[in-house]
Structures are given as structure tokens and as C-alpha cells.
Amino acid sequence: MTTHRPVSPVAIPAPPALAEPPHRHLLQLRGLPAERLREILRLARRYDGIVGPRPAAEGFSPSGLPAGLRELEQELHGRVIANLFFEDSTRTRVSFSVAARRLGADVIDLTSVGSSVSKGETVVDTALNIAAMGVHGVVIRHRSSGAAEMVRRALEGHDHAGGQAFACSVINAGDGRHEHPTQGLLDVYTIAAAFNRLDSFDLSGLTVAIIGDVGSSRVARSDIAGMTSLGARVICIGPPALVPAKLSTLGCEVCHDLDEVIGDLDVVNVLRIQFERHDVSVGAQRADNAPAAKSSGGVASIREYSEFYSITPRRAARMKKNAIIMHPGPINRGVELTSDVADSHRSMVLRQVSYGVVVRMAVMKMCLG
Amino acid sequence: MSASALLIRGGRVIDPASGLDRLADVAIDDGVVREIGPGLTALPASRVIDAQGCLVTPGLIDPHVHLREPGNERAETIATGTAAAVAGGFTTVCCMPNTQPALDNDTMVHFVLSRAEKTGLCRVFPVCAVSKARHGVELAEMQLMARAGAVGFSDDGDCVASAGLMRRALAAIKATGKAMMQHCQEASMTGGAVMHAGVVSTRLDLGGWPREAEELIIERDVRLNRGIGCAYHVQHMSSAGSVEIVRRARAEGQPVTAEVTPHHLLLTDQEIERSGFDTHFKMNPPLREAGDIAALKKGVADGTITVLGTDHAPHAPETKQVPFDTASFGIVGLETAVALYALALVEDGVIDWPRLIAMMTIEPSRLCRLEAMGLGMLRAGGPADVTIIDPSERWTIRPANLAGQSRNTPFIGREVKGRVVGTIVAGKLVMSRR
């Protein structure tokens, strides 16, 4: 006769303790101390001095490479980093690849297409298998909020049958609507560079607006966490369907009237409307079978949205003299901002991309170095 | 609208917004109230209106009318509907968006406002659709419509059925600063319904529209709105249970208001049987029972119901002179409103004249955000929208003395007391029975 005993949680063996550096992962900016953010940003600034884009006028140096570049390649020499992108990306994936190669790491690119993900493998299994091959770090993007955290738990030996732990870093390159911490860091870096705060990375006194689809934006959540932590005042602006009042619990302000506040802003960070992330279950019932994507998602129409929230030349003219415009990309020109504004002197869009590389270098060095 | 000077002499001037209630004269010039006080001297060339024995009140406001233009000009137009309005003492009407096409974009707002400017006898403000084409699927461009002049939002005629859409609508309307006006009808319970679900509908074997179909929507919306705080207005409230829900919500401090029509205060479902299936007793929501009338009156008396609205619903005869189950819903109400409300509420001792006037002036003005324009109140320097009512004049409601295009009312032949004798819009005497 056998007796069935309730399984106590204590009966499950605890995962083995890992002797690892304290900051092996970067999953989110929320909760990170300001000093920790500054540590990463200062390192990014050092890298920017070496790899930052040179004005075309300087031409190529006789040796062919900027000073210090060879030495940089020793920093993560011998490390293997896998890019696990389960969701479309151009900028972020290439940026992580360039950053890893600058530091001398080997990079493996994995996308859902052409991998076992298309055979139905779960994200956790994919990550465990990659880690079991001795890879040192995974950069992960996934459509589900919490995916990176889930992978971290699995790699540390939780929540899977084997309970085996791997010394593998996890860097979140965007999980659902939750966070995109390296974007948050590069946005902070861009603001610091534009307002001459690269020595202190102190953003106090600056007012940052995040305009548009804030509710569905992982960029916004990382921006709010990072920017408020470093002292900025952050105002989220958009219609209530995209900028719900409860966002104010994240430490920012909420406003539905852009024209009222535009003259007070130092930074206008414009987001794309992420039609793909909105609940279209109601819109899907449209009798005329029109594509729900462009008409639902909480805004009545692109026309109405643009009328009240698009950054137009008229609105740009009302901004402070030194105010800057940022956009995490991809831009829907003519919707959240007009082409002439996107290409104007205020636009920091390409600088954000350049700073993205050095910020990601710093993050990888901190996690894997 | 060029206006000559007017002097309204000797009436009982009532302005609920300021608490004014005294015998006085009202001097009007150039569209504006110049002075209110006893013994005023008429300006040269002033027309003098003798208002002795009359109430002189702010121009009445009806927050709930159907003007049918565009799309059903056979039943009513902005011209004929506003003629009915001024005949009934209304200087401002808010028209519902269930036209064809629906008032669901800013171009339609401009259409209504410009038609009213050209053909209207009183002020007209559109209440616009919550959802595109009033289909209840996608939000309409409410921010653009609010900017163009919409004074509130409703899919009236239809309820916003989807709770998800309703929540988004409440948040979006809150941001416009206007009110959400809900036609409260849980449609899954009212398929084929043509009258109140009760003893009479059972006897007549007509489809029943239960009270719960109204109450559930109010209960749901009040709950959805708790974290949002949008101004929420229950249109044409009909059931005792609804009064209770609104009373509770208001006691909690929620921004909830409700309106009641004359017919829901005066008629019950028994009229349908007594009249032999007269389709003029077919309304949406339906006429209910004596207990509901008592509860609605109590709601008016204790301030649960603050707004009076007629739901003026003109229909061409061919849509009413058909069997009961296929007839259109609704009756005209603008021209008979003052007399019928007086009968239901003042004669019955539920409220006094000043409160009745408040519920037809400053209260709907607040609901439709018209206070900033000075509407719904009577004060020196404000717009000269004035209604003169003889509270003791007896008259009989006859088709011949209705000014609107449609005559669908069950009150034909009824002798009533209290009649509007003069209506002044922006300083111009647009209707006079003296």
C-alpha cells in the first residue's frame, strides 16, 4: 500500500547557488537604483569616445581604425552571445550585434523563422537549449510581457523539470508591453547629451513628454522608470484610450491636451501607435470586413489622432528654442509626426540609434564582463 | 437676427440659477438682457409685453429632441422642429444623432449648426454619436466633434452595448469635458419588445420590455465609470429600480444625472389596452406601471432626477398608423411639455414652479455645458433667451395648434393648464400668443 502525501514546496530541491557578479542580467529599469543607471551610462560615454560616429569630413585615419578600437575587442573576447528575437526588429537586433562585435564577442542571430520556434518550441526551451551549449548571454525579444524574466528564472534553475542552472546572462530587448530597458537607457543618454548632462547624468529640471501610444509601449515604461529615477519630470500625453489615467501610478503625469503643455517641454518623445498590440476583438466584427488594424485600437481615427497629437511644424514652432524631438522608431510619417519635423534640426532620431550601440556595449560589458 | 428692444412688464421673474423669484420687469435690447427690476421705463420704440399673472423665466432648454434632419425630413426638419420648440417655450434644443447618416463626425456637426443658423427658430446644439454610425463597434471622432460644437455624446435609439467600448467611451468623453448620455437598454432582453413586460403585455400577447433591461445598463455603467468619473446621464428613465440605482450613485458622489419625459410621469401600460392598441402609446422605453410613476416622482422630489427632457420623437403618420408591433416608437413632446410637466409635477405637489423651471433651464444647461454661454439663466448682461408662461391658462391639445411637422401624441383632446404665451430667442420675440 502506498500513501499519497501532499507534496510540500520544501521537497523541491533549491537551485544551486551561483557565484556570479551581482548584475548578471538586465531585465527592466524599474527598481534599478539611479547610481546603477549612471554606472552603465558612464561606461557608455567612455565607449562613445572610442566608437562614436565620426564626422564624414575627418575621413579615414591612416591606420584605418580609431584609436582604442583594437583594445576594446578584448573586453568580451571569447564570449558567445545569442540574439533570440521572437518578434520583428531591425534597429535593436543589429544594434546588439554591432555592440557585441565591438567588444569582441561572437554573436549568434536567431529569429523565429528558420528555427525550432516555428516548430512550436517554447521560448524557455529554446533559451535552455542555447544555454546548454555554453553560450554566455542571451539577448531576448518576445511579444509577451515577462518573457525575459521567465527565461532568467529557467536559466537559474527554477520552473523546469531538470532544475539545472546555467551561468548565462539575460538581456531584455523588449518583452511585450512591459519594458525595453536598453531603449530607456539610450533615450536617457540622448537627453543627457543634448542638454550637456553627460558628466552628471542628472536630468532634474527637464520636462520630458512621452506622446502617443503610451499604454501599449514598453519603451514608455522603461523611459518613465529611467528618466524619473534620474530626476526628470515626465508627462505622458495622448487620448485617454492610449494614455489611461492609471499610468500616473508609474510616477509620471498624465495629460490629454498637448497644445496646453507643448511650450513647457524640453523633450518630446514621440511613439508610434502600435495597432498590432491593441485589442481588436470588437473591431474584428466589422461588417464591411475592413482591416481592423487601422481603425480600432481605441482611437477613433488616424485623422482625429493626428489633429490633436501629431507633431506638426505648427506645434514644433511653439516648442522651446532648445527642445528636442525623439522617436524610438519605426516612424509612421504623417501620423505621430510629420516628415518635415522628423527631418528637422530638433530631431534626435539618428543620434538615438548611434547612442544605442554604446549603451548596449556598456550593458553587455556590465552583465558579461 | 436683428432684434428691437423689448420690455416684459409685471411678470413673476424666476431665475433658479441665482435664486431670483420676484415681480419685476425685464428690459431687453440688442439680444441682451439689459436690466431686471421693478418699474423699468421702456426705451423709445420698445415693444412692451404685458406679463401680469405670468412667469418670466430663462429660455427653456430641452436636452433630448429628435429633429430628423438629415434623412427623415418627412417626419421633421430643423425648421419645423424648432418651430415646435418655440411654440412650447424652448429657446434651446439638443438634437440626438440618430439621423441618416448619423451625427458621427465633425462635418455633420457643422451641417446641423449651419442648417439651424439658416432655418432654425431657436438655438440647436447637436448631441453626437459615441460610435461610428451608431453601430457600437468603434468609437466615433468625439474629440473632433466636441471641438466643432457637440454638447454631449449618445448613441440614442441604441444603447452602447459593449462594456469594453463603453469603458473607452467614458474615458474619451471625460477628456472632452462633455457628458455621456446613455439610452439604457440591454438589447439581448428586448428582442421583439414593443411594450412594458407586465400583466398587460401578457394579456395582449405583445412582446415585453422588462425593467431590468434598463436597470442592468445603468448599474453596469455606474460601475464602469467609478474609476473614470465621466459625467454620465441616464436618458428617459422609466423604471422604479433605475431611480434607486441613480439615487445610490449620487449619494456616493458620482457624477450621475437622469432625465424623465412627460409621458413616463403621466401614462401607464394600461393605456395601450384601454385605447385599443393606440400606437401613440408605444414608446421606447415603454410606459410602465403606477408604481414606476410614483418612484419617478419621488426621484424628482428628492433631487435624484434633475433634468426634464421630452424625447420629442416625430414620426410620419404612415409609420404610426400601422399595427402596434410594427409601429415606430415615440411621440412628439415639445409643444405640450410645460403643461404636461405642470400637470404631473406641480399640480400633484411634487415640486413647485421654480424647481420645475430649474429642471428645464439651468439643470439641462449644466448637463450640456451651456452655462459658459449664459444659457439656462436670466441675468443682466446675459443672452436674452426668455420664456413667458401663463400658469393658469387652460387649453386643449389639438392637432391644429401643434406647430411641428408631426402630430403623433397621445395627448390629443386633453384639456391642460399652463401655457407658454411668449418665447424670446436672442432678444427676438419668435412666438407670441398675446
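Definitions and limits used
- Residues numbered from 1 in each chain as written.
- Chains lettered and ligands numbered in written order.
- Predicted model: local features only at pLDDT ≥ 70, side-chain atom pairs only at ≥ 80, totals over all residues.
- Heavy atoms only, no water.
- Axes fitted to C-alpha atoms, helices over the stretch in contact; angles between N-to-C directions.
- Helix = DSSP H or I, 4+ residues; strand = E, 2+ residues; numbered from the N terminus.
- Parallel < 35°, antiparallel > 145°, perpendicular 65-115°, else oblique.
- Left-handed = near helix turned anticlockwise from the far one by under 90°.
- Contact = heavy atoms within 4.5 Å.
- Nonpolar A, V, L, I, M, F, W, Y, C, P; charged D, E, K, R; others polar.
- Domains from an automatic or database assignment.
- Buried area = accessible area lost by both parts, 1.4 Å probe.
- Salt bridge = Lys/Arg side-chain N within 4 Å of Asp/Glu carboxyl O.
- Pairing = 2+ DSSP bridges.
- Buried < 20%, exposed > 50% of the residue type's maximum accessible area, 1.4 Å probe, protein only.
- Core = buried A, V, L, I, M, F, W, Y, C linked by side-chain atoms within 4.5 Å.
- Phe/Tyr/Trp six-rings, centres within 6.5 Å; stacked < 30°, edge-to-face > 60°.
- Lys, Arg positive; Asp, Glu negative; His and termini not counted.
- Polar contact = N/O pair within 3.5 Å; in protein donor to acceptor, adjacent residues only side chain to side chain.

(A) Spotlight on the packing of helix H6 (residues 181-194) of chain A against helix H12 (residues 349-368) of chain A. Residue and element names in this part refer to chain A. Where H6 contacts H12, the two axes come as close as 8 Å, and the packing angle between them is 120 degrees. As summarised for this structure, H6 and H12 are arranged oblique, according to the angle between their axes. Considering how the two elements wind past one another, H6 and H12 form a crossing that is right-handed. Contact residues: H6 offers Thr182, Gln183, Leu185, Leu186, Asp187, Tyr189, Thr190 and Ala193, while H12 offers Gln352, Tyr355, Gly356, Val359, Arg360 and Val363. Partitioned by chemical class, the residues of the contact of H6 with H12 number seven nonpolar, five polar and two charged.

(B) Structural context of the domain arrangement of chain B. All names here are of chain B. Its domain assignment divides chain B into domain 1 (6-56 + 382-432) and domain 2 (59-373). Summarising the inter-unit geometry, the C-alpha centres of domain 1 and domain 2 are found 25 Å apart. Taken together, the contact between domain 1 and domain 2 spans 36 residues of the former and 48 residues of the latter. Approximately 3100 Å² of surface area, both sides summed, lies buried where domain 1 meets domain 2, with 66% of it carried by carbon and sulfur atoms. Per-residue buried area on domain 1 facing domain 2 is highest for Gln405, Asn408 and Phe411; these three make up 21% of the total on that side. One can count two salt bridges joining domain 1 with domain 2. One salt bridge connects Lys417 with Glu347, and the closest N-O pair in it is separated by 3.5 Å.

(C) Main features of the packing of helix H6 (residues 211-224) of chain B against helix H7 (residues 240-251) of chain B. Residues and elements named next belong to chain B. It is the contact of H6 with H7, at a shortest axis distance of 9 Å, that shows an interaxial angle of 15 degrees. Taken together, the axes of H6 and H7 lie roughly parallel to each other. Relative to H7, the crossing made by H6 is left-handed. When H6 is examined against H7, the residues Glu214, Glu215, Ile218, Glu219 and Val222 are found in contact with a partner set consisting of Gly241, Ser242, Ile245, Val246, Arg248 and Ala249. Residues that form the contact of H6 with H7 fall into these classes: five nonpolar, two polar and four charged.

(D) Region of interest: the sheet that holds strand S3 (residues 137-142) of chain A. All names here are of chain A. Sheet architecture is open: four strands sit in the order S2-S1-S3-S4, paired in parallel fashion. Two strands close off the open sheet at either side, each with one partner strand: strand S2 (106-111) and strand S4 (169-175). The mean angle between the axes of side-by-side strands here comes to 15 degrees, regardless of whether they run parallel or antiparallel. Pairing of S3 with S4 involves five bridges; the strand directions are parallel. The partner of Val139 across the bridge, within S4, is Ile171. Lying on the sheet, helix H5 (residues 147-155) is in contact with S3 and S4; it crosses S4 at an angle near 160 degrees.

(E) Quick look at the pattern of salt bridges. All names here are of chain A. For the structure on display, the rule yields 41 salt bridges over all chains. Between Arg46 and Glu75 there is a salt bridge whose closest N-O contact spans 3.3 Å. Residue Arg46 is found in helix H1 (residues 34-51), and its partner Glu75 is found in the loop between helix H2 (69-72) and strand S1 (80-85); the two are separated by 29 residues along the sequence. Judged by its relative accessible area of 44%, Arg46 is partly exposed.

(F) Looking closely at the nonpolar core. Membership of the largest hydrophobic core comes to 94 residues, with the highest contact counts inside it found for Leu185(A), Ile191(A), Leu203(A), Ile237(A), Ile311(A), Met361(A) and Met364(A). In terms of residues, this core owes the most to one element, H12(A), which gives ten residues. Apart from the residues within four sequence positions on either side, Met361(A) is in contact with Tyr47(A), Val51(A), Leu72(A), Ala99(A), Arg102(A) and Leu103(A). Of all hydrophobic cores here, the second largest spans 81 residues; its members include Ile78(B), Leu103(B), Val160(B) and Ala342(B).

(G) View of the packing of aromatic side chains. Residues and elements named next belong to chain A. In the structure shown here, the tally under the stated rule is three aromatic pairs over all chains. Both rings, one in Tyr189 and one in Phe201, keep their centres 5.7 Å apart while their planes meet at 40 degrees; by these two values the pair is tilted. Of this pair, Tyr189 sits in helix H6 while Phe201 sits in the loop between H6 and strand S5 (207-211); the two residues are twelve residues apart in sequence, bridging distant segments of the chain. Here Tyr189 matches Phe201 in class, with each residue buried. Residues Tyr305 and Tyr309 carry aromatic rings whose centres are separated by 5.5 Å and whose planes lie at 35 degrees to one another, so their mutual orientation is tilted. Here Tyr305 pairs with Tyr309, and both are found in helix H9 (residues 302-309), just four residues apart, close to one helical turn. Take Tyr305 and Tyr309: they sit in the same class, and that class is buried. An aromatic cluster is defined as three or more aromatic residues linked by ring pairs; in this entry it consists of Tyr189, Phe201 and Tyr355.

(H) The arrangement of unusual backbone geometry in detail. Note the cis peptide between Glu69(B) and Pro70(B), where omega equals 5 degrees. Mapped onto the elements of the fold, Pro70(B) is located in the loop between strand S6 (60-65) and helix H1 (78-87). For Phe201(A), which is not glycine, the phi torsion reads 45 degrees and is therefore positive. The phi torsion at Ala133(B) lies on the positive side, around 55 degrees, for a residue other than glycine. The topology assignment puts Ala133(B) in the loop between strand S8 (123-128) and helix H3 (142-148). Relative accessible area serves as the criterion here: at 34%, Ala133(B) is assigned to the partly exposed category.

(I) Quick look at the interface of chain A and chain B. Taken together, the contact between chain A and chain B spans 15 residues of the former and 16 residues of the latter. For the pairing of chain A and chain B, the buried interface totals around 1400 Å² over both sides, and the portion due to carbon and sulfur atoms is 53%.

(J) Looking closely at the side chain of Asp104(B). Residues and elements named next belong to chain B. With respect to the helices and strands, the residue Asp104 is situated in the loop between strand S7 (90-95) and helix H2 (106-119). Salt bridges are absent for the buried Asp104, whose nearest opposite-charge side chain, Lys132, sits at 8.0 Å. In this structure the side chain of Asp104 is engaged in a polar contact, spanning 3.2 Å, whose partner is the side chain of Asn105. When neighbours within four sequence positions are excluded, Asp104 is seen to be in contact with Ala129, Ser131, Lys132, Ala133, Ala140, Glu141 and Met145.

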